[in-house]
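Each chain is listed here by its residues.
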Amino acid sequence: MSALASRSWSPYVAGIVIGLLQIPAFLLMGTALGTSSSYVTISASIAQVFDPSIAEIKYAANHLTGAKNWWQVALIGGIVVGAFLSSRLSGTGRWGASPVWARAMGAHTPAQRYLMAFTGGFIMVLGARIADGCTSGHGVSGIAQLAIGSFVAVTAMFGAGIVAANLIYRRV
C-alpha cells in the first residue's frame, strides 16, 4: 500500500505495467488499449436516444454495440477513479488551478479554465478521430504492434507538442 500512497510513481514501472496490460486486452477483448473511440460510443448512444436513425450511419453503428466499445468507456471511468484515488492516497489532491497552470497561463476564473479545458479536450478528440486513434492508442498500442502509422502519428504528436509548448510559454 505504501507504493500506492507515494507522491509519484516510477515511470518505468508504470510503463511496464501499461505495456503488460496489452496482453489481456488482446487476449480477452481482441483489441489494443485506447480510449478515443469511447467518445464516439457515448455520443452515438446519446444521439440515438433523440434520433434512432443514427444507427443507420455505419460509423455510429460500429460504436453502438459490442464489448470492445463499452470496455473503452469503462477504461476511461477507471482512469478517472484511479487518478482520484491516487491523489487522495498520496495527499496531493487539490481543487482549482494548479500552480503549474497559474505560472504558465496566468490567473483565470474557473469558468475561463473550464472553457479552455473543454476547448483543448474537444480539439484533442477531433484530432484523435482524424488520426484514427488517440495518443495512448498510437503510442502504447500501435507502437507495440510495430504499426508504421503509429510511429508517424507519435512523431507528429511529439513534434506538434514541442512547438505548441514553446508558443504557449512564449519561447519562440
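Residues numbered from 1 in each chain as written. Predicted model: local features only at pLDDT ≥ 70, side-chain atom pairs only at ≥ 80, totals over all residues. Heavy atoms only, no water.

Novice: Where do I start with the overall build of the protein in this structure?
Specialist: Check the secondary structure of the protein and you find nine helices and zero strands. The secondary structure elements of the protein, listed N-terminal to C-terminal, are α-α-α-α-α-α-α-α-α. Burial status across the protein gives 20% buried among its 172 residues. For the protein, the accessible area works out to roughly 11900 Å², and carbon and sulfur atoms hold 72% of it. (Helix = DSSP H or I, 4+ residues; strand = E, 2+ residues; numbered from the N terminus. Buried < 20%, exposed > 50% of the residue type's maximum accessible area, 1.4 Å probe, protein only. Areas by Shrake-Rupley, 256 points an atom, 1.4 Å probe, with all protein chains shown as cover.)

Novice: What exactly am I supposed to notice about the packing of helix α3 (residues 37-50) against helix α5 (residues 67-90) here?
Specialist: Geometry of a packed helix pair, given as the angle between the helix axes and the separation of the axes. Packing of α3 against α5 leaves a shortest axis separation of 8 Å and a crossing angle of 110°. With respect to α5, the axis of α3 lies roughly perpendicular. Here Ser37, Ser38, Thr41, Ile42 and Ser45 of α3 lie close against α5, whose contacting residues are Asn69, Trp70, Gln72, Val73 and Ile76. A per-class count over the contact of α3 with α5 returns four nonpolar, six polar and no charged. (Axes fitted to C-alpha atoms, helices over the stretch in contact; angles between N-to-C directions. Parallel < 35°, antiparallel > 145°, perpendicular 65-115°, else oblique. Contact = heavy atoms within 4.5 Å. Nonpolar A, V, L, I, M, F, W, Y, C, P; charged D, E, K, R; others polar.)

Novice: Just to check I follow, could you spell out the environment of phenylalanine 84 for this structure?
Specialist: Tracing the chain through its elements places phenylalanine 84 in helix α5. When the C-alpha atoms of phenylalanine 84 and alanine 61 are compared, they prove to be 33 Å apart, with 23 residues separating the residues in sequence.

Novice: How do you make sense of a nonpolar patch on the surface when you look at a structure like this?
Specialist: Together, Leu4, Trp9, Val81, Phe84, Leu85, Leu89 and Trp95 make up a nonpolar patch on the protein surface, roughly 770 Å² of accessible area in all. Classification of phenylalanine 84 by relative accessible area gives partly exposed; the value is 41%. (Patch = residues over 30% accessible without salt bridge, like charges linked within 9 Å, V, L, I, M, F, W, Y side chains within 5 Å. Salt bridge = Lys/Arg side-chain N within 4 Å of Asp/Glu carboxyl O.)

Novice: Would you take a moment to explain α5 for this structure?
Specialist: Working note: α-helix, 3.6 residues per turn, so residues spaced by three or four point in the same direction. Between its terminal C-alpha atoms α5 stretches 33 Å, which fits the 34 Å expected from 24 residues at 1.5 Å a residue. For α5, every residue scored as buried is listed here: Asn69, Gln72, Val73, Ser87 and Ser90. In the stretch just after α5, glycine 91 is the one whose phi turns positive, near 75°. (Expected span 1.5 Å × (residues − 1).)

Novice: Help me out: how do you make sense of the side chain of histidine 63 in this one?
Specialist: Tracing the backbone shows histidine 63 in helix α4 (residues 58-64). Residue classification places histidine 63 among the buried residues on the basis of a relative accessible area of 9%. Filtering out sequence-adjacent residues up to four positions away, histidine 63 remains in contact with Ser37, Val40, Thr41, Asn69 and Arg129.

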